[in-house]
Amino acid sequence: MGSLQQERENIIHLENIVKRFNIGTENELEVLHGVSLDVYEGDFVCIVGESGSGKSTLMNQIGLLDHPTEGKYLMHGVDVSEATEDQLAEIRNQEIGFVFQTYNLIPRTTALENVEMPMLYAGVPREERRERAADLLTMVGMEERMDHTPSELSGGQQQRVAIARAMANDPSLILADEPTGALDSQTSRVVMDLFHKLHDEQGRTIVMITHSATLAEEAERILTLVDGRITGERAGRGQIYRPAGETRELHARRDFGDLAFTEEKAEAEEQR
Amino acid sequence: MFLENIRLALHSLGANKLRTFLTMLGIMIGVGAVVAIETIGAGQTKQMEEQFAGNGVNNIQIYMWSENYDEDAPQLSFTQDMMKKFVNKFGDHIEAIEMDAYGNSGKAYLDAAKQDETYANFYQQGVNNGAFTVENVKLKEGRTFTGDELNNASNAAVVSDKFVDNMWGGDYAGAIGRSFTADFGNDQTASYTVVGVYTYQIDAQSLRSMDQKDIKSMSTPMFVPYKNVTQSPYLDLSGYPDGYDPFAITYFTLQAKQGEDVVQLATSMQDYMQSMFSADQNVTVESFSNKQMVDEVKASMQQQTTTISLIAAIALLVGGIGVMNIMTVTITERTREIGTRKAMGAKRRAIRQQFIIEAVVMCVIGGMIGTIGGLIGGIIGCRLMHYSIAVPMDSIALAIAVSLAIGIFFGYYPANRAAKMDPIEALRYE
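Residues numbered from 1 in each chain as written. Chains lettered and ligands numbered in written order. Predicted model: local features only at pLDDT ≥ 70, side-chain atom pairs only at ≥ 80, totals over all residues.

Q: So what about the interface of chain A and chain B? Which residues, and what values?
A: The partner chain B presents 15 residues to the 18 residues of chain A that form the contact. Sorting the residues of the side of chain A that touches chain B by element identifies helix H3 (85-95) and helix H4 (111-122) of chain A as the ones contributing at least two each. The biggest single contributor to the side of chain A that touches chain B is H3(A), with 6 residues. Its residues assigned to classes, the side of chain A that touches chain B shows 9 nonpolar, 3 polar and 6 charged. (Contact = placed C-beta atoms within 7 Å. Helix = DSSP H or I, 4+ residues; strand = E, 2+ residues; numbered from the N terminus. Nonpolar A, V, L, I, M, F, W, Y, C, P; charged D, E, K, R; others polar.)

Q: Describe the pairing of strand E11 (residues 283-289) of chain B, naming the residues involved and giving the relevant values.
A: For a regular strand, side-chain orientation follows a simple rule: the groups alternate between the two sheet faces. Residues and elements named next belong to chain B. Burial along E11 is one-sided: Val 283, Val 285, Ser 287 and Ser 289 are buried, while Thr 284, Glu 286 and Phe 288, pointing the other way, are not. One ladder, built from 7 bridges, connects strand E1 (residues 59-66) with E11; its direction is antiparallel. Within E11, the position partnered with Met 64 by the bridge is Val 285. (Buried ≥ 20, exposed ≤ 12 C-beta atoms within 10 Å, placed from the backbone. Pairing = 2+ DSSP bridges.)

Q: Please provide a residue-by-residue account of the environment of Val45(A), values included.
A: All names here are of chain A. Relative to the helices and strands, Val 45 resides in strand E3 (residues 44-49). Distance from Val 45 to Ala 216, taken between C-alpha atoms, is 8.4 Å for residues 171 residues apart in sequence. Setting aside residues up to four positions removed in sequence, Val 45 forms contacts with Val 39, Val 207, Ala 219, Arg 221 and Leu 223.

Q: How would you sum up the environment of Glu113(A)? Please name residues and give values.
A: Examined against the element boundaries, Glu113(A) turns out to sit in helix H4. As a C-alpha pair, Glu113(A) and Asp147(A) span 34 residues in sequence and 8.4 Å in three-dimensional space.

Q: Describe the packing of helix H14 (residues 348-384) of chain B against helix H15 (residues 393-419) of chain B, listing the residues and the values that go with them.
A: The relative placement of two packed helices comes down to the angle between their axes together with the axis-to-axis distance. Residue and element names in this part refer to chain B. Taken N-terminus to C-terminus, the directions of H14 and H15 make an angle of 150 degrees; their axes are 7 Å apart at the nearest point. By the angle between their directions, the pair H14 and H15 is classed as roughly antiparallel. H14 and H15 meet at a crossing whose hand is right-handed. The residue makeup of the contact of H14 with H15, split by class, is 21 nonpolar, 7 polar and 2 charged. (Axes fitted to C-alpha atoms, helices over the stretch in contact; angles between N-to-C directions. Parallel < 35°, antiparallel > 145°, perpendicular 65-115°, else oblique. Left-handed = near helix turned anticlockwise from the far one by under 90°.)

Q: Which residues make up the sheet that holds E1(B), and what values go with them?
A: Residues and elements named next belong to chain B. Across the sheet, which stays open at both edges, the 4 strands sit in the order E2-E10-E1-E11 with antiparallel pairing between neighbours. The strands lining the two open edges of the sheet, one partner per strand, are strand E2 (94-98) and E11. Strand-to-strand twist in this sheet, taken as the mean axis angle between neighbours without regard to direction, amounts to 20 degrees.

Q: So what about the sheet that holds strand E1 (residues 10-21) of chain A? Which residues, and what values?
A: Within a beta sheet, neighbouring strands are joined by backbone hydrogen bonds and run either parallel or antiparallel to one another. Read from one edge to the other, the open sheet built from 4 strands follows the order E2-E1-E4-E5 (chain A), with strand pairing classed as antiparallel. Sheet topology places strand E2 (29-40) and strand E5 (78-79) of chain A at the edges, where each strand pairs with a single neighbour.

Rendered as structure tokens:
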């Protein structure tokens, strides 16, 4: 790891995480075989793996949706491996912003109310919630559609609302599970741009899980997950950039400037 | 959070209006039926209370009968001597004792030739002045009887205002001192002079079922001095054994003074009068008070209410199961939503509260609609049965409270199931 990382706060520290299912039955299955992983403040990490590699299980571990069978999980240096369900709910509420492949917006509920939802569980007063939700929707370019329900929005728009929702409680980490998996390439671009914007302009920490190697290249750090083990880490470009293959030193991405502009991105801009 | 959940509940119930309505129907029918029946019951009670309000709850009736009744044996009754002793003993507790002897019924008119136009029907009642107090007869004009009239069995009459309406066109003051012919049938007529006019109290229920013609031909009591009946020259005792007194006292009514324990007093009076008869006379004395009757009617209504409540409880149970069923379906349908909420930091309590409130809101709205429907139905029922109309506020409050309880009770299980869902499986649910 580079020296820059050591100056930044360690947000997530996974140590030899093992996850087994159906323990004690003949169907016992070990999905994660001792995964270790560190995420630092401001990281843009991508975990790439084929289907069946244990991606989802790892994401559930990182997202504190599940307890590990073995191993240690420190968040901001605090051990959360043994936390109770309600404690985990509180940590998820405050520290993690989820973005799902299927958006998972609450049906028949406006974009604004959807973004308010995590703040509701955090006990934020109504007025403040309203205001912040409106600001976040403006940030993702959805200010015109705050009162639309999910069924009145396109997939890309729904995902933008979901990203705004992930930001609601100003989390330490945005955890995105195949965020563009259900979108066409153009809308995917818009959503990816949004992640870059959050990362570049606000210094947000992002962990993205995907099966797409192309998308993974846009992250700074790429972890490869094969059969429940992290088999390697390499640096991504941390930028949208073509042709592929060119690697750069981590966190020097801001030097790239206009070179980052690809034809694809330009097209997407026009669409907007 | 609580208010948010209510808003959320209204929102999601509104999203599925038909289903919500059908689910509410069970609660609506259950609550509606109870409120309707309670409204009718309250009307009935109010009616009864109105009737007794005029009839004094302080009244006590003492009556007797003999087991070994024999036509030839001397007649058994409360003798003058017994009555004197009774008054000596209980006089301090008594406001008035009523003496009454039923005379004949008949038709009164002024002019025999025009008796088809100007007439009034009556039934003759020989009374003492105590009867006016006990029966709560209110004089509009004139007076009750003088001592002379009572002693001399005079042909003096206290007639009803209805009687005066028919005879003298409602001139109550002018009727005092006037005479009329009382025709008892069989060519038996006598002339009576009006000394007083009383207000005839007709209960609201009877009045509602009568038309103008009925009111005109209605027969009302004509009070005359007690002896005027018992010593009537027209008294025909030919069918009775020798020495039989048709006016022997086998029962009498009295009014206890205000503040007396009526039920207790009635028992003492009963025991005292019983002690006047020897065992071999085989006489039973009993007492009866209006207070007792009111208590009994109230008790029987209470019983009725309990029975109805049981039936209603079954209806509400069925309704409640309907709510539980639909909540279970709702929760299954919204599994992903629950998973998402949990991922976003909703604790078990928050999820549980959300769905319990949804069930409660559904039940309470159903209960309110049921209450309104039941009230309307009950009032229509009261109208049809000529009851007074009373709104049973306590039953309404209870109905709403029960709806709330049903919501909590039947909402708890599905809500708890939602609260305990594993967020990972819930998120993955298709």
